[in-house]
Structures are given as C-alpha cells and as structure tokens.
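# Notes for the structure review
Okay, here's what each chain looks like letter by letter:
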Amino acid sequence: VQLQASGGGLVQAGGSLRLSCACSGLAVSMYAMGWFRQAPGKEREFVTGISWSGADIYYVDSVKGRFSISRDNAKNTVYLQMNSLKPEDTAVYYCAVDRYGGVAVRTAPGSYEFWGQGTKVTVSS
C-alpha cells in the first residue's frame, strides 16, 4: 500500500494550496482517511478526517473555516484545500488511512494504519 501526497510548497500568508493524496494497492473507498501535520519540534497532530462515504467530516478548531477535505473514491484520492493560510500552518502534511474505525472519524495518529510520505507546506509572513 502506498499513499502519495503532493501539492505542498511555499506560499505567502493568506494564500491557498491544494494537497492531494493518491492511494495505490488498497481501495480506500470503504475507509476513513485523514490529514495530519507535523511542525518542526512538535508532535504530529490531526488536522481533518473524512469518513468513507464523505458524510462525516471533522476539523481541528485551528483550521475550521479555512481548510476543506474531500475525497474521490473513484480516483482513490483524498484532497485538502487550504485557504487563508497562516505561518502557523507551516508543517509537513501527511495523509493516512484508517481501516478499522468503522463509520467514525478518529483523530489519534495510532488509529491510522497506512501513511503517506508527507508533503511540506511553508507559509511565509
């Protein structure tokens, strides 16, 4: 199973980026998927997650109203649209698959079985 995250880069504060995470080797249509991030010197934190159907979505408070997660099960891909970016959003962003959470969107990194390699997002002030 491989998760390929892409779309990161350098952007000025207030700008936007769209991250993509394409999965191969596993049909993710029946599983919840999440985005996490890890800033230098900090622990990996949950950002947002989406249930297999897309009906349930959860965002960490710091990104509510600015970030939007979506998925295209036909393409085995999950997206993260990030708007109004702030310097504190600077981090490596990881996508992950949770095969055992059922219909729930779980926030603990340990709940997710497969991880992408990460894509770096840098927001300049």
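Everything numeric here is computed off the predicted structure, so don't read it as measured data. (Residues numbered from 1 in each chain as written. Predicted model: local features only at pLDDT ≥ 70, side-chain atom pairs only at ≥ 80, totals over all residues. Heavy atoms only, no water.)

## Things to note about the overall build of the protein chain
- The number of helices and strands found in the protein chain is zero helices and eleven strands.
- Of the regular secondary structure in the protein chain, the N- to C-terminal order runs β-β-β-β-β-β-β-β-β-β-β.
- For the protein chain, whose C-alpha radius of gyration is 13 Å, the value lies close to the compact-globule estimate of 14 Å for 125 residues.
- For the protein chain, the spread of C-alpha atoms along the principal axes amounts to about 40 × 25 × 25 Å.
- Residue burial in the protein chain is summarised as follows: out of 125 residues, 43% are buried.
- Contacts spanning at least 24 positions in sequence make up 58% of the contacts within the protein chain whose residues lie at least 6 apart.
- Of the accessible surface of the protein chain, which amounts to about 6,100 Å², a share of 50% is contributed by carbon and sulfur atoms.
- For the protein chain, the separation between the mean place of its 12 positive charges and that of its 9 negative charges on side chains is 4 Å. (Helix = DSSP H or I, 4+ residues; strand = E, 2+ residues; numbered from the N terminus. Rg over C-alpha atoms; globule rule 2.2 N^0.38 Å. Buried < 20%, exposed > 50% of the residue type's maximum accessible area, 1.4 Å probe, protein only. Contact = heavy atoms within 4.5 Å. Areas by Shrake-Rupley, 256 points an atom, 1.4 Å probe, with all protein chains shown as cover. Lys, Arg positive; Asp, Glu negative; His and termini not counted. Charge placed at Lys NZ, Arg CZ, Asp CG, Glu CD.)

## Concerning the state of the cysteines
- According to the stated counting rule, one finds one disulfide in the structure shown.
- The disulfide partner of C21 is C95, and the gap between their sulfur atoms is 2.0 Å. Linking C21 and C95, the disulfide has an S-S dihedral of approximately 65 degrees and is accordingly described as right-handed. A residue pair is termed long-range when its members are at least 10 positions apart, and C21 in strand 3 (residues 17-24) and C95 in strand 9 (residues 91-98) qualify at 74 residues. C95 matches C21 in its accessibility class, with the two residues each being buried.
- Just so you know, C23 is unpaired, no disulfide at all, and the nearest cysteine sulfur is the one on C21, 6.9 Å from it. (Disulfide = S-S within 2.5 Å.)

## Some words on the sheet that holds strand 3
- Across the sheet, which stays open at both edges, the four strands sit in the order 1-3-8-7 with antiparallel pairing between neighbours. Edge positions in the sheet fall to strand 1 (2-6) and strand 7 (67-72), since each of these pairs with one other strand and no more. Along the sheet, successive strands turn relative to each other by an average axial angle of 15 degrees, direction set aside.
- In the sheet, strand 3 pairs with strand 8 (residues 77-82) via six bridges, with the strands oriented antiparallel. Bridge assignment links L17 to a residue of strand 8, and that residue is M82. (Pairing = 2+ DSSP bridges. Axes fitted to C-alpha atoms, helices over the stretch in contact; angles between N-to-C directions.)

## Brief notes about the pairing of strand 5 (residues 45-50)
- Of all six residues in strand 5, five are buried; the element is thus mostly enclosed.
- Pairing geometry for strand 4 (residues 32-38) and strand 5, over five bridges, is antiparallel. Residue pairing in the sheet places G34 in a bridge with G49 of strand 5.
- Counted along the chain from strand 4 to the antiparallel partner strand 5, the turn is six residues long, and its residue G41 has a positive phi close to 80 degrees.
- Examined bridge by bridge, strand 5 and strand 6 (residues 57-59) share three bridges and lie antiparallel to one another. Following the sheet pairing, I50 is matched in strand 6 by I57.
- Here strand 5 hands over to strand 6 after six residues, with G54 in that stretch at a positive phi of 85 degrees.

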